[in-house]
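Survey of secondary and tertiary structure
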Amino acid sequence: WPGFEEAFLGFVPQALLFQPDEFWHDLARDSRIVKNPQKIKSVRENAAFVAAVAKEHGSFGKFLGAWPAEDQTGLLDALAKRGSRLGGKTGQYFLRFIGYDGFVTSRDMVAAMRDAGVDVAADPTSKGDLKKIEAQVNAWAKETGLPRTHISRILAMSVGENYPVEKLQGYMGDE
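Residues numbered from 1 in each chain as written. Predicted model: local features only at pLDDT ≥ 70, side-chain atom pairs only at ≥ 80, totals over all residues. Heavy atoms only, no water.

So, about the overall build of the protein chain. A tally of helices and strands in the protein chain yields 11 helices and zero strands. In the protein chain, the order of α-helices and β-strands from amino to carboxyl end is α-α-α-α-α-α-α-α-α-α-α. Referenced to the eigenvectors of the C-alpha coordinate spread, the extents of the protein chain come out at roughly 50 × 45 × 25 Å. Counting the 175 residues in the protein chain, one finds 36% classified as buried. Contacts in the protein chain between residues at least 24 apart in sequence constitute 52% of all its contacts with a sequence separation of at least 6. Carbon and sulfur atoms provide 56% of the accessible area of the protein chain, an area that totals close to 10,600 Å². Here the protein chain holds 22 positive side-chain charges and 23 negative ones, and the gap between their average locations is 5 Å. (Helix = DSSP H or I, 4+ residues; strand = E, 2+ residues; numbered from the N terminus. Buried < 20%, exposed > 50% of the residue type's maximum accessible area, 1.4 Å probe, protein only. Contact = heavy atoms within 4.5 Å. Areas by Shrake-Rupley, 256 points an atom, 1.4 Å probe, with all protein chains shown as cover. Lys, Arg positive; Asp, Glu negative; His and termini not counted. Charge placed at Lys NZ, Arg CZ, Asp CG, Glu CD.)

Shown next as structure tokens:
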């Protein structure tokens, strides 16, 4: 990850927006990052998206802060429409990464939802399924007082294979 942050100038939208085409072209050969031209292009486009939202709302954080917490599916829809490659789970993981209090429809989280009686597809991608998941997460958040992120993570850790600490550390690069 440090290589990505360095290559993409700390993901500071204003810095990225002032880079010439050669900067973006050269990233396709940069050994610090995944050399996927479409993903590289999406960083440039998302820098413009974040800058535009910040101009409209005073900051990107204000935009997120003003969004109703109960309407993550609406926010995901806005990210998919205005951002680049921010649809589906990518938008959910983006929100998780920046600290937004929301759910991620991982395989195990969805399996736990289905075990709890929420009638959704095993791989929920429709707005209807996401709304059902959102409604249940919102209900549990109201009932328990827990953040939506905690509920999502608890669900994800409630089913599926549980790994020993040693194996998890191996995944994280800790030996």
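After that view of the structure, there is still more to cover.
This brings us to the pattern of salt bridges. Using the criterion set out here, one finds 13 salt bridges in the structure. Where Asp26 meets Arg29, a salt bridge forms, and the shortest distance between an N and an O atom there is 3.0 Å. Each of Glu6, Asp30 and Arg32 takes part in one network of salt bridges that share partners. (Salt bridge = Lys/Arg side-chain N within 4 Å of Asp/Glu carboxyl O.)

It is worth spelling out a nonpolar patch on the surface at this point. Together, Trp1, Phe97 and Ile98 make up a nonpolar patch on the protein surface, roughly 360 Å² of accessible area in all. As for its placement among the helices and strands, Trp1 is situated in the segment before α1 (2-7). (Patch = residues over 30% accessible without salt bridge, like charges linked within 9 Å, V, L, I, M, F, W, Y side chains within 5 Å.)

Of note, Leu9 is a non-glycine position whose phi angle comes to about 55 degrees, a positive value. Locating Leu9 in the fold gives a position in the loop between α1 and α2 (13-17). At Arg85, a residue that is not glycine, the phi angle is positive and equals roughly 60 degrees. Its place among the elements puts Arg85 in the loop between α6 (72-82) and α7 (88-97).

With 97% of its residues at a pLDDT of at least 70, the protein chain reaches an overall mean of 92. Per-element mean pLDDT across the protein chain ranges from 73 in helix α11 (residues 165-171) up to 98 in helix α9 (residues 127-144). (pLDDT = per-residue confidence, 0-100.)

In this section: the side chain of Asp108. One can find Asp108 in helix α8 (residues 107-115). On the basis of relative accessible area, Asp108 is assigned to the buried category, the value being 19%. Not counting residues up to four positions away in its chain, the partners in contact with Asp108 are Leu155, Ala156, Val159 and Gly160.

For Ser158, the location among the structural elements is in the loop between α10 (148-156) and α11. Within polar-contact distance, the side chain of Ser158 engages the backbone oxygen of Ile154 at 2.5 Å. (Polar contact = N/O pair within 3.5 Å; in protein donor to acceptor, adjacent residues only side chain to side chain.)

Let us now look at the packing of aromatic side chains. In this description, a pair of aromatic rings is defined by centroid distance and the angle of the planes. For the structure on display, the rule yields seven aromatic pairs. Residues Phe23 and Trp24 carry aromatic rings whose centres are separated by 5.1 Å and whose planes lie at 85 degrees to one another, so their mutual orientation is edge-to-face. Here Phe23 matches Trp24 in class, with each residue buried. Consider the rings of Phe60 and Phe63, whose centres lie 5.7 Å apart with planes at 40 degrees: the pair is tilted. Of this pair, Phe60 and Phe63 are both found in helix α5 (residues 60-66), three residues apart, which corresponds to roughly one turn of the helix. (Phe/Tyr/Trp six-rings, centres within 6.5 Å; stacked < 30°, edge-to-face > 60°.)

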